[in-house]
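Structure assessment
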Amino acid sequence: MTSIPRDQWYVAAYGAEIGHDLFTRTVCGESILFWRTRDGAVTAVPDRCVHRRFPLSQAPSRLVDDQVVCGYHGFTYDAGGRCVAVPGQSRIPRTARLLPYPVVEQDSFVWVFIGDRAKAEASRIPRAPWLVSPDHTTVAGMEPLRARYSLLVDNLLDLSHETYLHGGYIGTPEVAATPITTAVDEQAGIVHVSRHIDDAECPPFYAKSTGLRGRIARWQDIEYTPPCLYLLHSRIAPVGSVPGPDGADPDAFHVEVVYAITPETEHSTHDFWCVARDFALGDEEVSTFLAESNRTVVLQDVEALNVLEQVIATEPAGCQELSINIDTGGLAARRLLQRLCAAS
Ligand code: FES
Ligand SMILES: [Fe+2]
């Protein structure tokens, strides 16, 4: 059985990556061709000509208005994947068709549905509204990971690693030292992991971006909706400050850290990351700092997970892991992912 759930929505790209040019990305082992049509909609079809399999993203394949012309023998397809011309004959075979993928552009992401298209319900796509909210400023990127996506899920569900792998950037001793609480919403299929640290050193990532001096209250509230969307609601405030009973939280700085975890293949992953803040709105210096810092932190994870993938790929059969309290979120995520795999 594959470890990648099908019949699911996955982030294939940022909307900003796709213009009126051919763009290709592999999602869950499927090579997909994208472009933005003249009316602004993103179209997604298999990146494989029905004639002799030539990739339609590969030059000299090209886009002519809203039609893609295969660079091998000229089969031509419209934005809906219908073949509209073949060379040397006027009759177009009835089966000459690229089956379009369901696509939804939402919260700055382009989501595609992988699996049985009849099951694609756009309302099931989890939301990350901060990424397009005028009340937030967002920086974002994507790093390729040469490791299976489940290693990134493990990594993000257990932030105790910040203390060790990201020491001096976002990690301080209090993160690993503070226990977590884990809860699973079985109905919605969401894993929640919380760590509220009442008195911690402020790591450079937050000290420089917020301007807070001295020790802080640092709250981390994770919401993971398998398989693809991970949210970390991060709250940074002076020690002793708590939100009011009405939720007002004027002394705090809020950062919404969003990851889209998209399998490229069984052993590689697209690691989309976004950092949306509700302070220093539009401040370019803060944006540059957060973008560079977060990318550095993501690359520290990428380096570690690339090594882990090799360890797993070459270890003898029967090797065991050992789990402790910090792993409850990761274990819950694995269970939900297994459930999704079994259902697909
Ligand atoms: S492979 Fe595309 S037209 Fe022949
Ligand atoms: Fe990390």
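Residues numbered from 1 in each chain as written. Chains lettered and ligands numbered in written order. Predicted model: local features only at pLDDT ≥ 70, side-chain atom pairs only at ≥ 80, totals over all residues. Heavy atoms only, no water.

Some thoughts on the overall build of the protein chain
Across its full length, the protein chain carries six helices and 17 strands. In terms of overall dimensions, the protein chain is globule-like: its C-alpha atoms have a radius of gyration of 22 Å, near the 20 Å expected for 344 residues. Taking the principal axes of its C-alpha atoms as reference, the protein chain extends roughly 75 × 50 × 35 Å. When each of the 344 residues of the protein chain is scored for burial, the buried share is 49%. (Helix = DSSP H or I, 4+ residues; strand = E, 2+ residues; numbered from the N terminus. Rg over C-alpha atoms; globule rule 2.2 N^0.38 Å. Buried < 20%, exposed > 50% of the residue type's maximum accessible area, 1.4 Å probe, protein only.)

Some remarks on the packing of aromatic side chains
Following the criterion strictly, the structure yields nine aromatic pairs and no others. Ring centres of Phe 205 and Tyr 206 lie 5.0 Å apart, and the angle between their planes is 90°; this geometry places the pair in the edge-to-face category. Classification of Tyr 206 by relative accessible area gives buried; the value is 3%. Ring geometry for Tyr 230 and Tyr 259: centres 5.8 Å apart, planes at 75°, overall edge-to-face. Here Tyr 259 lies in strand S16 (residues 253–265) and Tyr 230 lies in strand S15 (residues 229–238), a separation of 29 residues in the sequence. The two residues Tyr 230 and Tyr 259 agree in class, both being buried. Through a chain of ring-to-ring contacts, three or more aromatic side chains come together here, namely Tyr 14, Phe 109, Trp 111 and Phe 272. We note Arg 117 situated over the ring of Tyr 101; from NZ or CZ to the ring centre the distance is 4.6 Å. Taking NZ or CZ as reference, Arg 235 lies 4.3 Å from the ring centre of Trp 219, over its face. (Phe/Tyr/Trp six-rings, centres within 6.5 Å; stacked < 30°, edge-to-face > 60°. Lys NZ or Arg CZ within 6 Å of the ring centre and 35° of its normal.)

Things to note about the domain arrangement of the protein chain
Each assigned domain of the protein chain is listed with its residue range as follows: domain 1 (8–123) and domain 2 (133–343). Opposite the 15 residues of domain 1 that make contact, domain 2 presents 19 residues. Taking both sides of the interface into account, the surface hidden between domain 1 and domain 2 amounts to around 1,200 Å²; carbon and sulfur atoms contribute 70%. Three residues stand out in domain 1 for area buried against domain 2, namely Tyr 10, Val 11 and Tyr 14, and they jointly supply 39% of the buried area on that side. Seen at the junction of domain 1 and domain 2, the total is zero salt bridges. Our count for the domain 1 to domain 2 interface comes out at seven residue pairs in polar contact (both at pLDDT 80 or more). At the level of secondary structure, the elements contributing two or more residues to the side of domain 1 that touches domain 2 comprise strand S1 (8–14), strand S2 (23–27) and strand S10 (109–114). (Domains from an automatic or database assignment. Contact = heavy atoms within 4.5 Å. Buried area = accessible area lost by both parts, 1.4 Å probe. Salt bridge = Lys/Arg side-chain N within 4 Å of Asp/Glu carboxyl O. Polar contact = N/O pair within 3.5 Å; in protein donor to acceptor, adjacent residues only side chain to side chain.)

Describing the coordination of the iron ion (ligand 2)
Those protein atoms acting as donors to the iron ion (ligand 2) are His 161 (NE2), His 166 (NE2), Asp 301 (OD) and Asp 301 (OD), and they sit at 2.1 to 2.4 Å. If you look at the iron ion (ligand 2), its four donor atoms make angles of 58 to 140° with each other, and the shape they trace is irregular. Counting residues between consecutive donors of the iron ion (ligand 2) along the chain gives the motif H-x4-H-x134-D. With a gap of 140 residues between them, His 161 in the loop between helix H1 (149–157) and helix H2 (162–165) and Asp 301 in helix H5 (residues 284–314) connect regions that are remote in the sequence. Under the relative-accessibility criterion, His 161 is labelled buried at 15%. (Donors = N, O, S within 2.8 Å, 3.2 Å for Na, K, Ca; no water. Tetrahedral: all angles 85-135°; square planar, octahedral: opposite > 155°, others 65-115°.)

Quick look at the pairing of strand S9 (residues 103–106)
Only one face of S9 is buried, namely the one carrying Val 104 and Gln 106, since none of Val 103 and Glu 105 on the opposite face is buried. Sheet analysis places S9 next to S10, joined by four bridges and oriented antiparallel. Bridge pairing in S10 places Val 103 opposite Val 112. Hairpin connection from S9 to S10: two residues lie between these consecutive antiparallel strands, with Asp 107 at a positive phi of about 55°. (Pairing = 2+ DSSP bridges.)

Here's the deal with the side chain of Arg 36
Mapped onto the elements, Arg 36 comes out in strand S3 (residues 30–36). Using a relative accessible area of 18% as the deciding quantity, one classes Arg 36 as buried. Here Gly 15 takes part through its backbone oxygen, which lies 2.9 Å from a polar atom of the side chain of Arg 36. Of note is the side chain of Arg 36, whose polar atom sits 2.9 Å from the side chain of Glu 105. When neighbours within four sequence positions are excluded, Arg 36 is seen to be in contact with Gly 15, Ile 18, Gly 19, His 20, Ala 41, Val 42, Asp 66 and Glu 105.

Describing the sheet that holds S9
Read across the sheet, three strands follow the order S1-S10-S9 without closing on themselves; strand pairing throughout is antiparallel. With partners counted over all chains shown, the strands left at the sheet margins are S1 and S9, one partner each. For this sheet, the mean inter-axis angle between neighbouring strands, taken without regard to orientation, is 30°. (Axes fitted to C-alpha atoms, helices over the stretch in contact; angles between N-to-C directions.)

A closer look at the UniProt feature "domain: Rieske" (unreviewed entry) in the protein chain
UniProt records the feature "domain: Rieske" (unreviewed entry) for residues 9–112 in the present numbering. Taken end to end, residues 9–112 is 0% helix and 40% strand, and its two terminal C-alpha atoms sit 5 Å from one another. (UniProt positions renumbered as here; feature names shortened; annotations may be inferred.)

Notes on the sheet that holds strand S12 (residues 181–185)
Spatial ordering of the open sheet is given by S11-S17-S16-S15-S14-S13-S12, a layout of seven strands whose pairing is antiparallel. Each of the sheet's edge strands pairs with one partner strand only, and the pair in question is strand S11 (137–145) and S12. Across the sheet, the mean angle from the axis of one strand to that of its neighbour is 15°, orientation sign disregarded. Across eight bridges, the pairing between S15 and S16 is antiparallel. Counted as the bridge partner of His 233 is Glu 256 from S16. Packing against the sheet, helix H6 (residues 328–343) makes contact with S12, strand S13 (190–200) and strand S14 (216–225), and its axis sits at approximately 165° to S13.

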